[in-house]
Amino acid sequence: MAKQKSAFRKKFGLQWQYLLMLLPGMIFVFIFSYIPLYGLVIAFQDYNVGLGFHSEWVGMKNFIFLFNQPTFARTIRNTLFIAIWKLVLGIIVPVTFALLLNEMRSNKLKRFYQTLIYIPNFLSWVIMAGVLLDILSTNGAVNRFLNLIGVDSVNFLGDPDVFPWTVIISDVWKTFGYGTVIYLAALTSIDPGLYESAVLDGASRAQQVFYITIPLLLPTIILMTVLSLGSILNAGFDQIYNMYSPVVWETGDIIDTYVFRLGFQQAQYSVGTAVGLFKSFVSAFLVLLSYVLADKLAGYRIL
Amino acid sequence: MKPKHSAFDVFLTIFLGIVSITCVLPFVHLLAVSFSSSAAVSAGKVTFLPIDFTTASYEYVVSGGRFFRAMAISVERVILGTLLNLVLMILTAYPLSKDNLMGRPFFTTYYVIIMLVSGGMIPTYLLVSGLGLKDTIWALILPGALPVFNMIILMNFIRGLPYEIEEAAWIDGASPFQTLVRVIFPLLKPALATVGLFSMVGHWNDWFSGSIYMSNPLNYPLQTYLQTLLVDFEHLLQSDKSGDIQAILSKMNARTGRAAQLFLGALPIMLVYPFLQKYFTTGLTIGSVKG
Amino acid sequence: MKKLRKIMKTAGAAAMSLALVLSMSACMVKDDNGSKDNKSKKTEAKENKDDQGTDEGKSTEGGSDDSKEAPDDIWAPFDETVVITTIGSENSGIQFEEGDDYGNNPWYRAFKDRFNVDLQNKWISNEYSTKLNLSIADRDLPDVFHVDAERLATLQKADMIMELDDVIEQYGSDTIKGYWKDYKDIWDTAVFDGKLYGIPQMSYGIIDQFPTIWIRQDWMEEGGFDEPKTMDDVLEIATSFAEKHGGYALAEDRSLQNFYRLCLSWGAHPGIWVEQEDGSIGYGSVQPEMKEALKAYSEWYEKGILKEDFTTMSSEQMFQDLIEGNCGVTPMEQWFGYNPMPDVIANQGPEAIFLPYEIPMQDGSEFKGSVYFTNYGYNVINKDCENPEAVMKLVNFFAYMMDDAIEGGESEEFINSLYANAYPNLVESIRVINPMTDYNQYVQVKDAVDRYIAGEEVDTSQLGKNVTKYLNCVKWIDSKDKAGIGDWLQQGNDRSAYGLAKGYVDNKQYVEDAMWGAPTETLRSAGSTLDDILKEGFTKIIIGDEPLDYFDTLVEQWNKAGGETATQEINETYGK
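### Observations concerning the interface of chain B and chain A
No. 1: The interface is formed by 91 residues belonging to chain B together with 79 residues belonging to chain A.
No. 2: In total, about 8100 Å² of surface goes out of reach between chain B and chain A, with carbon and sulfur atoms giving 74% of it.
No. 3: The three residues of chain B that bury the most area against chain A are Cys-23, Tyr-110 and Leu-116 of chain B, which together make up 7% of that side's buried surface.
No. 4: One can count one salt bridge joining chain B with chain A.

Put into C-alpha cells, the structure is as follows:
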C-alpha cells in the first residue's frame, strides 16, 4: 500500500490526463442522461402532452393516488417477495452450479454445459413464457411427468400459493447461466497452489470447497449481489406479464404489471413517472445500504 | 497422480447434463415449430420435433427482403454501438479505478445517480429530436453511449489487475494515456469480451428506440421489425377488420414464420457467444482481488 | 372481443364532459333528422354521382383550386401539386404488391392522379400512439392525422388543431355532410365549445357486436340434437359432447370473455352502463343479474362443465382445445369463423364446422344484446395546415370509394386495387366509415351467395369491395376450401353470425351503452383497474374460492375503488 501511494504521488502532476479521459463519458452522460432529468417534474404535474412540461402543477397528487389504490400494498408485498427470492436463489444456484461444474474432470464437457446453460439468456420472456405456459399447464409435460412418478398434479400457473414460486424458479432457471459463467471465471483464477497444499494437509474435496473456494469467491458474490440490489423493485415485468392471470393477482401482481394495467388504456405519464421516482428512491436507499454493508461486513468497496 | 472416476463424478456429469439440456429445450421447441406445418402447430402437436417438415417459413422470411435489410441495419448498429460503448467504458473505468483520482467521490456519485434515475422517454425524445439525430443510426447509439453498469464491472476488473505491471510502466516514464493504451488495454481482453457481449446483446435486442426514432419502417433494426410481426391477434382486430380478413388469416398461419424469424433473429448472437466464451474462462476476475 | 370493445371505447374516449354539455345546445338546434336508415344513404349516393359528373366536366376546364371558389368544385384536381403530410401506423397485415410501400401505393397514386395532391408520410411507426405523443410534445405534427378521443381533447386544449365546421361546409362532399347529419351523436363527441375539431371515423356498425353460442355440427347431428331453445338444452348438448368425445363441455379462458357473453342470458349487461328501473344509470357488471349468472356459472364449474384450469388458459390455449376436438360448444363473436375455425377444419375435417345459435334467455324472453359506442377515432387537421381543402378532397374520396364507387362508375379493377391486401389501412388518417357498411355488406353478399347457390348469374362487378367476401363463400361452397370458412360463417351460410345479428339490429334487440360517447375522468384513469377488481372476484366466485355472497363484498370494493365516483360522473354527464 505504501509503495502504491508513493508511486501515485509521483504521478500526481499527471492527474489532468485522467480527467481528460473522463471527459467524453461525462459529456455523453450529461447530455443524454442528466439533461432529460428535468422531465421528472411531470411526476408532480397532471401531464398533458399538449402543454408539455408546463402542465398543471398538482404536487403530490399522483403519489397519493397511487398509495391510495386499494391493491397497492399487496403489489409492494408481492414485488419484494418475488424479487428477494430471485436475488437469493440467483446467488445460491449459480454459485452451486459453478462449484459443481468446477469439480468436473472433463474440460470439454464443462465448456459444453456452460454454453448450453447460457443460451436461455438470449431468449426474450415473450417466447420463454409461451413455452412455459405450454409445459406447465395442468395437463402439460411437467405434470404428466409428475403423475408418472406418482405425484399429484400441481397447478403451477393457477394456484396463488404456487405461482410466485413458478415465477421465481423459472427466472432463476433462465438466468443462472450468466451467473455461473461469472463465478466459474472467478474460480479459475484461484491459485491452484492453495488446493495443492490443502491436499497435502489431507483436506477432503468438500473441505477444500468450504475453506478455500467459497471464501475466495465471496468478493465476487458480494459484487454481484450489490449490483443487483439496485434493481430489486423490478421483479420482472416481461416475465410476469406474460405468465400471470387474474386468479394469481393476489400473489403475482407486482408494481410494474399493476402500473401497466393502470395506465394501459392511455399513456399516464404522470403516474408512471411518479412510480419511477418512488422506485428510484427505494433503490437508492438499498444501494447505499448494500454499499455500507459490503464495506463493513466484507471490507469490500464497490465504487 | 491420475484422478479416478468416482461415482460422484458420474453423478455430477449426468446431473449437470440434465440441467443443461433443459436450458435449450425452448430453443429446440422454437426450431421444431419453425419447421412444421401451421396446422400441426396450431393443433399443439409440435413439441421438440418438426411435424410435416417444411422449410416454407424460411423461404418466406428470405423472400420478404425486409428481414435482411433490417438485419443489416442491426449489424451496423451493433458494430458502431459496441465500439463506442467500449471506448467510453475504457476511458471512464480506467481513471475511476485509481483510488486517489482527484475528485473521485464526485465522479462515482455522478454515475451512480444516473444508474438509479432517468428522466423518461419524452424529454429524451425531445433532446434527440432537437439534436437532429432522428432517423439516423446515432439516435439508437448515442443516448446509451456509456453503459454505466458495465463500466463499473470493468472498473472493478481493472482494480483487480496486478499493480506491479502499471508501476513498471510509470517507472519507465509512461504517461497515464500511454499506460492505458500499451499496458492496461492488452490485459483487458477478457473483461472487454464480457462487457462487449453485454453491449452487443443490448444493442441487438433493443426494439423500442427503433420504433420511436425511425420514421420509415424500412429503416427499422431487426428486433423492431420482428416486434411488428409479434402483434397479437386481438391487436390486429382492433386496428381494422373489414377487408382485413385475409390478412388476419395469413397472420394466424404465420406462427411458424414468426418462429423462423425469431430463431434467425437470435442466431447471430448465439453464434458469436462461443467465441467470446473462451475469454470468459481465461480469467475474468472481476472483483476477486481486493482493490 | 370485449377487450376489443374496451379498447374501442377508449378509442372513442374523450376528456370532455364539459364540452359535451356545451355541445348539447348545438345538438338541440341541429338534431332535426337523426335517422340512421338506409334510405337517406341511397339518395346521397345519387347526389354524389351527380357531383362526380359535373366535376369531371369542370376538371377538364382546369377548374380553380382556390379555397373561396364555388363549393361544387370539390372533386377537381389542383393546378399545382399540393403536398399534404400525414403519419401512420405500421400494420403487418398489409401485404404490399411488388413496388408498393407506405409512401407509394394505389391510394396515394389515386390522390395524385385525381386531385394532384401529393400525400407524404412524416413517419410510420409500430408504436403509433407513443410516437404521436412524442410528436405532439415536440410540436412536430403533420397536416392531417388520426387521434383518439383523449388526444383530440388535448390537442384542442393546446390549440394545435383546426376548427372544421367551415372546412366541411365548404369542401365536404354530400356523403360526409350526410354522415354528420345522420350520426350526429357520434360527431358531437368531437365538438368543443360548439365547434367541430375532428372528423369521427365512426365504425363498420353495430352488427358485429352480438355474441352467439357456437356449436360443433357433426357432433350435434350425431347426437340428433335440435336447435337449443333454453340454456339447459345448450348444457345437455355440451355435456353429451364431452361424454362421447372426451374433454369437457363448455369453453372458457382466463379472460372470462365467454362468461361475459353468456351473462346476457340472465339479462345482465357486463361492461356497459345501463339505465336502471329508477331512471339512474348503473354499471352492468355490478347489477343483481350478474349474481344470478355467477351462481349458475359456479355451479357449472363445480359440475365439471368448464375445464378445471381454465383460469390459467390464454384464449389461444382455449382455441387449441377446440382445434384438438376436446370441446364442442363455445360462446363467441362473429369472427369465430376466421379464428380458429380454419385450424379446426384442418385438424378435424370439414364436417367439424361450428354454427352460431342465439343465446337463450333464462326467462324465455326475447334476446337482447349489449351495444357499445364505437368510433375508431378522429381525423384532425393541423392548425398550421395551409390546404385544408386538399385534405377534405382526400376524405371525400375515401368516403366515396367506400360507399358510392359502384354508382360512380368506378371500374372493378380500380376498386379492387384500393381494397386488396388490407390497403385501406394505409389511409387511416383520412378514413371515414359508414356505420351501415357491414350491414349493407351482409345484405349484398348474402343475396349474391343465395343466387349463386340457386344457379343464377352473379354480376361480381356490382359487389364492389365486397367481392372478396362473396368469392370466399363460393370457395367454401365449391371446394370446402378453408380460406372461405370465415366469410361463410360470418355471412354466407343460412345460419351465420351476421344473419342472426341482422335480426337483432332490425328489431332493435339490444341495450345501448348509456355512456354513449367518451368515458368520464375516473373511468379513464381507473376504468381498467375497476374492471380488474371485478374480474378477479368473479373468477374466485366461479371456482369456489369465495362464496356467492362475496359478490356483495366485491361490489362494495368496486365502489370504494372509484366505482361510486364513476357512477356519479356518468349520471351527471349522461343521465337524463
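From this point, things continue past the structure.
### What about the sheet that holds strand 10 (residues 329–332) of chain C?
All names here are of chain C.
No. 1: Overall, antiparallel pairing links the three strands, which are arranged 10-7-11 in an open sheet. Every interior strand has two partners, whereas the edge strands, strand 10 and strand 11 (354–357), have only one. Taken over all neighbouring pairs, the strand axes of this sheet differ in orientation by 30° on average, direction set aside.
No. 2: Pairing of strand 7 (residues 212–216) with strand 11 involves four bridges; the strand directions are antiparallel. Considered in strand 11, the bridge of Ile-213 is made with Tyr-357.
No. 3: Sheet strands in contact with helix 11 (residues 231–245) are strand 7 and strand 10, and its direction is about 35° off that of strand 7.

### With respect to the packing of helix 4 (residues 72–103) of chain A against helix 10 (residues 205–229) of chain A
In helix packing, the relevant descriptors are the interaxial angle and the interaxial distance, both defined with respect to the helix axes.
Residues and elements named next belong to chain A.
No. 1: Where helix 4 contacts helix 10, the two axes come as close as 10 Å, and the packing angle between them is 140°. With respect to each other, helix 4 and helix 10 are oriented oblique. Here helix 4 and helix 10 pass one another in a crossing that is right-handed. Across the interface between the two elements, Leu-87, Ile-91, Val-95, Leu-99 and Glu-103 of helix 4 pack against Arg-205, Val-209, Thr-213, Ile-214, Leu-217, Ile-221, Thr-225, Ser-228 and Leu-229 of helix 10.
No. 2: Looking at the contact of helix 4 with helix 10, its residues break down into nine nonpolar, three polar and two charged.

### Comments concerning the sheet that holds strand 6 (residues 199–200) of chain C
All names here are of chain C.
No. 1: Pairing is antiparallel in the open sheet, where three strands are placed in the order 3-13-6. Two strands in the sheet have a free side with no partner beyond their single neighbour: strand 3 (144–147) and strand 6.
No. 2: Summarising the sheet, strand 3 and strand 13 (residues 378–381) pair through four bridges and their orientation is antiparallel. Bridging from a neighbouring strand, Val-144 pairs with Ile-381 of strand 13.

### Notes on unusual backbone geometry
Residue and element names in this part refer to chain C.
No. 1: Note that the residue after Asn-339, namely Pro-340, is joined by a cis bond; omega there is 10°.
No. 2: You can see Pro-340 is positioned in the loop between strand 10 and helix 15 (341–348).
No. 3: We note that Asn-116 has phi near 60°; this positive angle belongs to a residue other than glycine.
No. 4: Along the chain, Asn-116 turns up in the loop between helix 4 (106–115) and strand 2 (117–125).

### Some points on the pattern of salt bridges
No. 1: Under the defined criterion, the tally for this structure stands at 31 salt bridges over all chains.
No. 2: One salt bridge in this structure joins Asp-140 of chain C and Lys-134 of chain B, with 3.1 Å as the shortest N-O distance. Note that Asp-140 of chain C is positioned in the loop between helix 5 (128–137) and strand 3 and Lys-134 of chain B in the loop between helix 6 (121–130) and helix 7 (138–141), a pairing that runs across two chains.
No. 3: Using a relative accessible area of 25% as the deciding quantity, one classes Asp-140 of chain C as partly exposed.
No. 4: Ionic pairing is found between Asp-218 of chain C and Arg-216 of chain C, a salt bridge with its closest N-O pair at 2.9 Å.
No. 5: Taken together, the salt bridges that share partners define one network made up of Arg-74 and Glu-250 of chain A together with Glu-536 and Lys-540 of chain C.

### Remarks on the confidence of the model for chain A
No. 1: Confidence in the prediction for chain A averages 82 pLDDT; 91% of positions are at 70 or higher.
No. 2: In the model of chain A, helix 1 (residues 2–10) of chain A stands out as the element of lowest mean pLDDT, 54, in contrast to helix 2 (residues 15–34) of chain A, which has the highest, 93.

### Brief notes about a nonpolar patch on the surface
Residue and element names in this part refer to chain A.
No. 1: Taken together, the side chains of Leu-80, Phe-81, Ile-84, Trp-85, Val-88 and Ile-92 make up a nonpolar region of the molecular surface, amounting to roughly 480 Å² of accessible area.
No. 2: With respect to the secondary-structure elements, Leu-80 resides in helix 4.
No. 3: Residue classification places Leu-80 among the partly exposed residues on the basis of a relative accessible area of 34%.

### Let's talk about a negative patch on the surface
No. 1: Where like charges cluster on the molecular surface, the negative patch consists of Glu-277, Asp-278, Glu-289 and Glu-292 of chain C.
No. 2: Within the secondary structure layout, Glu-292 of chain C lies in helix 13 (residues 288–302).

### Concerning the nonpolar core
No. 1: The biggest cluster of nonpolar side chains holds 359 residues, and the ones touching the most others in it are Trp-107, Trp-187 and Phe-259 of chain C.
No. 2: Setting aside chain neighbours within four positions, we find Trp-107 of chain C in contact with Phe-397, Phe-398, Met-401, Leu-418, Tyr-419, Tyr-423, Pro-424 and Val-427 of chain C.

Scoring rules and cut-offs
- The residue numbers shown here count from 1 along each chain, following its written sequence.
- All chains are assigned letters beginning at A, and all ligands numbers beginning at 1, according to the order in which they are written.
- Under the rules for a predicted model, residues below a pLDDT of 70 receive no local features and side-chain atom pairs below 80 are neither given nor counted, while totals for whole chains, interfaces and linings still include all residues.
- Calculated side-chain values reflect all of the structure's heavy atoms, with hydrogen atoms and water omitted.
- Two residues form a contact once any of their heavy atoms are found within 4.5 Å.
- Summed over both partners, the accessible area lost on bringing two parts together, with a 1.4 Å probe, is the buried area.
- What makes a salt bridge here is a side-chain nitrogen of Lys or Arg within 4 Å of a carboxyl oxygen of Asp or Glu, nothing more.
- Pairing between strands is defined by DSSP: at least two bridges between them are needed.
- Secondary structure elements follow DSSP: runs of H or I no shorter than four residues count as helices, runs of E no shorter than two count as strands, and numbering proceeds from the N terminus.
- Helix axes use the C-alpha atoms of the stretch in contact, all axes being lines fitted to C-alpha atoms, and the angles between their N-to-C directions lie in the range 0 to 180 degrees.
- Geometric relationships in this document are graded by angle, where less than 35 degrees denotes roughly parallel, more than 145 denotes roughly antiparallel, 65 to 115 denotes roughly perpendicular, and other angles denote oblique.
- The crossing is said to be left-handed when, going from far helix to near helix, the turn is anticlockwise and less than a right angle, and right-handed when the turn is clockwise.
- Any residue outside Ala, Val, Leu, Ile, Met, Phe, Trp, Tyr, Cys, Pro, Asp, Glu, Lys and Arg is labelled polar, Gly included; the first ten of those are nonpolar and the last four are charged.
- For every residue, the accessible area obtained with a 1.4 Å probe (protein chains only) is divided by the maximum for its type, and the residue is called buried under 20%, exposed over 50%, and partly exposed between those limits.
- pLDDT: the predictor's confidence for each residue, scored from 0 to 100.
- For patch building, the residue pool is restricted to those with more than 30% relative accessible area and no salt bridge; the joining distance is 9 Å between like charges and 5 Å between nonpolar side chains (Val, Leu, Ile, Met, Phe, Trp, Tyr).
- Only the protein chains shown count as cover for residues, with accessible areas throughout obtained via the Shrake-Rupley method and a probe of 1.4 Å.
- When charges are counted, neither His nor the chain ends are considered; positive counts come from Lys and Arg and negative counts from Asp and Glu.
- Charged groups are reduced to one reference atom each: NZ for lysine, CZ for arginine, CG for aspartic acid, CD for glutamic acid.
- Buried Ala, Val, Leu, Ile, Met, Phe, Trp, Tyr and Cys residues form a nonpolar core when they are joined through side-chain atoms within 4.5 Å.

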